[in-house]
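Each chain, letter by letter, is given below.
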Amino acid sequence: MSIESHIIMDEQAIRRALTRIAHEILERNKGIEGLVLAGIKTRGVYLAKRLAERLESIEGSAIPWGELDVTSYRDDNTETVRGAKQATFPVSIQGKKVILFDDVLYTGRTIRAAMDAIMDCGRPESIQLAVLADRGHRELPIRADYIGKNVPTSRTEEIEVLLQEHDGSDLVRILHNREGN
């Protein structure tokens, strides 16, 4: 079996998508007052940081942001002892509008875990979701409020996000498995 890939977003497309998402967030929330960004580890953290920088350059003031590790909240993590879940966040989310950021939205299970972790940190006014790529195939009733690119996929395909901070380059590609003879 061989794997073929097709680039669906390059560095420039990712930059444009983040700028568009920043403007959509500002429009929907009438500015950054009361907003907090939460990047889901790993690549969601880098995307949240980039988004925070764009929002600051547009609005002229910084927006609080941090990283969220949802590993112990995932329903497929059999290692976690019940009651051992403990999320921490670097800023208070109490009464704030939290914008979760992840790289790819697929089944919705990571986002559900992230919402559980957020609720353990406090009671936000609301939770909104931003993703760089939405590939469909939900298993839970979760949808993104802000989407960089909708990418219809089959279940045998994968979306791979590479970011400069973690992978050395910026691109989003779709991976296709090909049966070889």
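Remember, predicted model here, so these are calculated numbers, not experimental data.

Student: Describe the overall build of the chain, with residues and values.
Tutor: The number of helices and strands found in the chain is four helices and eight strands. The helix and strand sequence of the chain, counted from the amino end, reads β-α-β-α-β-β-α-β-β-β-α-β. Here the chain has a C-alpha radius of gyration of 17 Å; the compact-globule value for 181 residues is 16 Å, and the two agree. Dimensions along the principal axes, computed over C-alpha positions, put the chain at roughly 60 × 45 × 30 Å. Out of the 181 residues belonging to the chain, those deemed buried represent 43%. Carbon together with sulfur atoms contributes 45% to the accessible area of the chain, which is approximately 9,700 Å² in total. Between the mean site of the 25 positive side-chain charges and the mean site of the 29 negative ones, the chain shows a separation of 4 Å.

Student: Break down the pairing of strand β5 (residues 126–134) for me, citing the residues and quoting the values.
Tutor: Burial runs high along β5: seven of the nine residues are buried. One ladder, built from eight bridges, connects strand β4 (residues 97–105) with β5; its direction is parallel. For Leu100, the partnering residue across the bridge sits in β5 and is Leu129. Crossover β4 to β5 through helix α3 (residues 109–121) is right-handed. Where β5 and strand β6 (residues 146–150) come together, four bridges link them in parallel fashion. Across the sheet, residue Ala130 finds its bridge partner in β6, namely Tyr146.

Student: A description of helix α2 (residues 43–59) should follow, citing residues and the corresponding values.
Tutor: Over its 17 residues, α2 runs 24 Å from end to end, which matches the ideal 24 Å to within 8%, given 1.5 Å per residue. For α2, the complete set of buried residues consists of Arg43, Gly44, Val45, Leu47, Ala48, Arg50, Leu51, Ala52, Arg54 and Leu55.

Student: So what's going on with the UniProt feature "short sequence motif: PRPP-binding" (unreviewed entry) in the chain? Which residues, and what values?
Tutor: In the numbering used here, UniProt assigns the feature "short sequence motif: PRPP-binding" (unreviewed entry) to residues 98–110. Here residues 98–110 is 15% helix and 62% strand, with 16 Å between the C-alpha atoms at its ends.

Student: An account of the sheet that holds β4 is requested, with residue identities and associated values reported.
Tutor: What the five strands build is an open sheet, ordered β3-β2-β4-β5-β6; its pairing is parallel. Unpaired on one side and paired on the other, β3 (65–68) and β6 mark the two borders of the sheet. Between one strand axis and the next, the sheet turns through 25° on average, direction left out of account. As defined by bridge partners, strand β2 (residues 35–40) adjoins β3 across four bridges and the pair is classed as parallel. Within β3, the position partnered with Leu37 by the bridge is Trp65. The strands touched by α2 within the sheet are β2, β3, β4 and β5, with β2 carrying the most contacts at an inclination of about 150°. The sheet contacts of α3 involve β2, β3, β4 and β5, and relative to β4 the element is tilted by about 155°.

What counts, and where the lines are drawn
- Residues numbered from 1 in each chain as written.
- Predicted model: local features only at pLDDT ≥ 70, side-chain atom pairs only at ≥ 80, totals over all residues.
- Heavy atoms only, no water.
- Helix = DSSP H or I, 4+ residues; strand = E, 2+ residues; numbered from the N terminus.
- Rg over C-alpha atoms; globule rule 2.2 N^0.38 Å.
- Buried < 20%, exposed > 50% of the residue type's maximum accessible area, 1.4 Å probe, protein only.
- Areas by Shrake-Rupley, 256 points an atom, 1.4 Å probe, with all protein chains shown as cover.
- Lys, Arg positive; Asp, Glu negative; His and termini not counted.
- Charge placed at Lys NZ, Arg CZ, Asp CG, Glu CD.
- Pairing = 2+ DSSP bridges.
- Right-handed = clockwise from strand over helix to strand, strands pointing away.
- Expected span 1.5 Å × (residues − 1).
- UniProt positions renumbered as here; feature names shortened; annotations may be inferred.
- Axes fitted to C-alpha atoms, helices over the stretch in contact; angles between N-to-C directions.
- Contact = heavy atoms within 4.5 Å.

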